[in-house]
Amino acid sequence: MYLYDSHDRQLVDERVAQFRDQTRRYLAGELSEDEFRPLRLMNGLYIQRLAPMLRVSIPYGLLSSSQLRMLGHIARHYDHGYGHFTTRQNIQYNWPALEHVPDILADLAKVDMHAMQTSGNCIRNVTSDHLAGVAADEVEDPRPYCELIRQWATLHPEFSYLPRKFKIAVSGSQRDRAATQVHDIGLQLVRNAQGELGVEVLVGGGLGRTPVIGEVIREFLPVRHLLSYLEAILRVYNLHGRRDNKHKARIKILVRAMGAKEFGARVDREWTALRERPELTLADTDVSYMKGFFQAPDYAAGVETAPLDAALANDAAFARWFRRNTVEHRQPGYRAAFVSLKAPGVAPGDMTADQMDALADIAEGFSFGEIRVTHTQNLLLADVRVDELHALWKRLEAEGLGTPNVGTLTDMICCPGLAFCNLANAGSIDVAEDINREFDDLDYIHDLGDLRLNMSGCMNACGHHHVAHIGILGVDKKGAEFYQLTLGGSSANDAALGDRLGPAVPKSEVPGALRKLINTYVDLREGEEAFLDTYRRVGLEPFKERLYATAHS
Amino acid sequence: MPRLIRNRQIVTGDRWVFQDADASLPQGAVDLVLPLDQYAEQREQLRESHQGRLGLVVDGTVTDDEIAPLLDELALVAIDFPSFTDGRGYSLARQLRQIHGYRGELRAVGNVLRDQLAYMERVGFDSFLLEAGRDTADALKAFGEFSAYYQNAPLDQLPRLRRRQQMRAA
């Protein structure tokens, strides 16, 4: 992973000192609430329903064991002993005290971490594929480009007061695991007929109140121009994005109003002036220097598969975990193993300080001391020897991190909801718990196969409900919590926004409604067909009929 | 208290006069700042008979193309920030400096506050008229908060890696 040099450290340390002074001036009454707000937001600090919330940046989801230990330390000393991993591969703490935040940032700086640009109207943490560097279908490792983008975007003087937040995702594989089509900018690394590396550039995707699938404005951008082209897009957005209405301020609204073609033409005009600027051009040495940080670890050759085969044959519980929570690896003798943060009775994405400490040790023992955060709010150990998987599983089980449900119905993406969030109309964590109780038969869940269930507590869509196979959206109906259901969304290559089923159902009926939808699928499924495929084949009607049929049916 | 900072120094006795919308043009060697529409309207007359220097005040709704033809005759461009959260002025400043090569004074006016000064300087502003009632001496501290940056200074064109090497060596 990327290692800070003296220059990176200097910048982060200076940022901590700056925010310490800003916090002091705010508490002394020298800075008004309105003046302090954007400053604290750009340092990751929200003021929430019950307490401040601090969101810490995990660039493209990569963590070292020592960084994870520090996250545990912060959870233990400044919070209530846990943290919450988010869909943007970050972590947030729900209970820090405002006056402690500069100290938290100073602690983070000790392990080369920060909370810059995890909130506010600026370029947010760049997200990417959790299988970067290990996926078999990879065109090019996206991480060096993510880091180049991170540095370009960090404290960018021109783009720190944008019309609204701005999210960039990078995918380097044929299968899009980074949801690039629903980001403000989606970047897909591609090769042309000559074998040269380039970037397919999408703009204007996003979820929220107005979900939109992004549009391609450039099919092949030579990688050397990546930063100048991004700068041109951001400049057009900064100058022309709406500032009169925050609900219409995202780039998707601008792209839609202008048309993608006209937007692309404006970008080209700005880009003409920027594309040959040396400081925005990626020389071969820039790229090779950055690639040096993301070399494959020292894999063992000739790893035996016999111990794994024996364990799979003799231990059914292990075999179940292996099937659901591990995926193939490009290196023979290795697999990538998911660490589920979706145990029953635990808020999706939550992890205790003790679990963080334990996993930091486990990662050192089994996966070169590296941990990754996925956008589905799980963690991943990317490089595990197959002959050590059984031992790994036992360690994870002992820490409550071995729930074999990755990619299934109970591996829900879920926002914090009414329990924590100012914006929420309805609870989501408690509904997730109800769903877990309703679907507690692991074998049954495994038989259902791949199923993405996402839940948001309001239309701002932090839980990505639009792009779920089954989406659940909390709404407020005269003070009561109701839930609208959608079917058929996806954030993968076949990206689609879910279709609304019909009237929202009350909170108590959500698990039962879900049961009806699942039963409909089971009845109509052909062979091993996945939920999404069945839905796309049969359409909305059969599900709608079953869900809204009156009691006698 | 003086409100103007130029090149990181507090300035007393600024010579620039911001022209009121409907007042008639002052006579003599006055350094005069006009809004864009007024400037465009009276441009011929100004060029022929005005004895002082000329400046322009615009906000972020103006495009660089509208200003570019005038830059050669301007000694000051003031960009107005109606609110400190309105970031259009940053992009306009960079366009003027980077694309159009403007080298005269570039002044931030309006809701100009301490915590944005360093960003403004990094996009090419060299003078800042702080909002009334602010502590100008305190605001100067903003320029010393950072010594490390990931982006070039406004006029530098160093390649990325060379800039980093210089930064590390510093």
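Please refer to the structure higher up on the page.
Residues numbered from 1 in each chain as written. Chains lettered and ligands numbered in written order. Predicted model: local features only at pLDDT ≥ 70, side-chain atom pairs only at ≥ 80, totals over all residues. Heavy atoms only, no water.

## Structural notes on the overall build of chain B
Selection rule: Secondary structure elements are taken from DSSP: a helix is a run of H or I of four residues or more, a strand is a run of E of two residues or more, and numbering for both begins at the N terminus. The globule rule used for comparison is 2.2 Å times the number of residues to the exponent 0.38, while the radius of gyration itself is calculated over C-alpha atoms. Charged residues are defined here as Lys and Arg on the positive side and Asp and Glu on the negative side; His and the ends of the chain fall outside this count. Where a charge lies is defined by one atom per residue type: Lys uses NZ, Arg uses CZ, Asp uses CG and Glu uses CD.
Looking only at helices and strands, one finds seven helices and eight strands in chain B. The C-alpha atoms of chain B give 17 Å as radius of gyration, which agrees with the globular expectation for 170 residues (15 Å, within 12%). Placing the 21 positive and 25 negative side-chain charges of chain B at their respective mean positions leaves the two points 12 Å apart.

## With respect to the overall build of chain A
Using the following cut-off: Each residue's exposure class comes from its accessible area (1.4 Å probe, protein chains only) as a fraction of the maximum for that residue type: buried when under 20%, exposed when over 50%, partly exposed otherwise. By definition in these notes, contact holds between two residues if any of their heavy atoms fall within 4.5 Å. Residue exposure ignores everything except the shown protein chains as possible cover, and the areas themselves are Shrake-Rupley values with a 1.4 Å probe.
Looking only at helices and strands, one finds 18 helices and 21 strands in chain A. Counting the 553 residues in chain A, one finds 64% classified as buried. Restricting the contact set of chain A to residue pairs at least 6 apart, pairs at least 24 apart contribute 68%. Of the roughly 19900 Å² of accessible surface on chain A, a fraction of 50% belongs to carbon and sulfur atoms.

## Describing the interface of chain B and chain A
What counts is decided by this rule: For any pair of parts, buried area is found by adding up, for both, the accessible area (1.4 Å probe) each one loses once the two are put together. Only one rule defines a salt bridge in this text: a Lys or Arg side-chain nitrogen within 4 Å of an Asp or Glu carboxyl oxygen. Any pair of N or O atoms that falls within 3.5 Å is considered a polar contact. Within protein, one atom must be able to donate a hydrogen and the other to accept it, and sequence-neighbouring residues count only if both atoms are side-chain atoms. Only Asp, Glu, Lys and Arg are considered charged in this grouping, and only Ala, Val, Leu, Ile, Met, Phe, Trp, Tyr, Cys and Pro are considered nonpolar; every other residue, Gly among them, is considered polar.
Listed by partner, the interface residues are 40 residues for chain B and 48 residues for chain A. Taken together, the two surfaces of chain B and chain A that pack against each other cover about 4100 Å², and 50% of this comes from carbon and sulfur. When the buried area of chain B at its contact with chain A is split by residue, Y119(B), Y150(B) and R160(B) rank highest and sum to 19% of it. Taken together, chain B and chain A are joined by twelve salt bridges. There are 33 residue pairs in polar contact (both at pLDDT 80 or more) connecting chain B and chain A. Of all the secondary-structure elements, those providing two or more residues to the side of chain B that touches chain A are α3 (64-67), α4 (88-99), α5 (117-123) and α7 (160-169) of chain B. Grouping the amino acids of the side of chain B that touches chain A by side-chain chemistry returns 15 nonpolar, ten polar and 15 charged.

## Structural notes on the packing of helix α5 (residues 143-153) of chain A against helix α9 (residues 284-291) of chain A
Two quantities define a packed helix pair, namely the angle between the axes and the distance from one axis to the other. All names here are of chain A. Here is the rule: Lines are fitted to the C-alpha atoms to define the axes, a helix being fitted only along its stretch in contact, and any angle between axes, read from their N-to-C directions, falls within 0 to 180 degrees. Any angle from 65 to 115 degrees is called roughly perpendicular, while one under 35 is roughly parallel, one over 145 is roughly antiparallel, and all others are oblique. Left-handed describes a crossing whose near helix is turned anticlockwise from the far helix through less than a right angle; right-handed describes the clockwise counterpart.
Where α5 meets α9, the axes come as close as 9 Å, and the angle between the chain directions of the two elements is 110 degrees. If you check the angle between α5 and α9, you find them roughly perpendicular. In the packing of α5 onto α9, the handedness of the crossing is right-handed. Here α5 contributes P144, Y145, E147, L148 and Q151 to the contact with α9, which in turn contributes V287, M290 and K291. For the contact of α5 with α9, a count of residues per class yields five nonpolar, one polar and two charged.

## Overview of the pattern of salt bridges
Pairs can form between side chains of opposite charge whenever their charged atoms are close. Residue and element names in this part refer to chain A. Following the criterion strictly, the structure yields 70 salt bridges over all chains and no others. K342 is the salt-bridge partner of D411, the closest N and O atoms lying 2.6 Å from each other. Residue D411 is located in the loop between α13 (389-398) and β16 (413-414), and its partner K342 is located in the loop between β12 (334-339) and β13 (350-352); the two are separated by 69 residues in the primary sequence.

## Some remarks on the pairing of strand β4 (residues 82-85) of chain A
Residues and elements named next belong to chain A. As a reminder, the rule being used: Here the rule is simple: two strands pair whenever DSSP picks up at least two bridges between them.
Of the pairings in the sheet, the one linking β4 to β13 comprises three bridges and is antiparallel in character. From the neighbouring strand, H84 faces β13, where its bridge partner is D350. Bridge count between β4 and strand β5 (residues 91-93): two bridges; the pairing is antiparallel. Each residue of the ladder has a partner; that of F85, found in β5, is I91. As consecutive antiparallel partners, β4 and β5 are separated by five residues, and within that stretch Q89 has a phi angle of approximately 65 degrees, a positive value.

## Points about the nonpolar core
Residue and element names in this part refer to chain A. Test applied: As used in this record, nonpolar core signifies buried Ala, Val, Leu, Ile, Met, Phe, Trp, Tyr and Cys residues forming a set joined through side-chain atoms within 4.5 Å.
Among the nonpolar cores identified, the biggest contains 167 residues, and L71, W152, F263 and L359 are the most heavily contacted of them. Ignoring any residue separated from it by four or fewer positions in sequence, one finds F263 in contact with V203, I217, I233, V236, I251, L254, V255 and M258. Of all hydrophobic cores here, the second largest spans 31 residues; its members include I472, Y483, Y535 and F543.

Worth remembering: the numbers are spatial, not functional.
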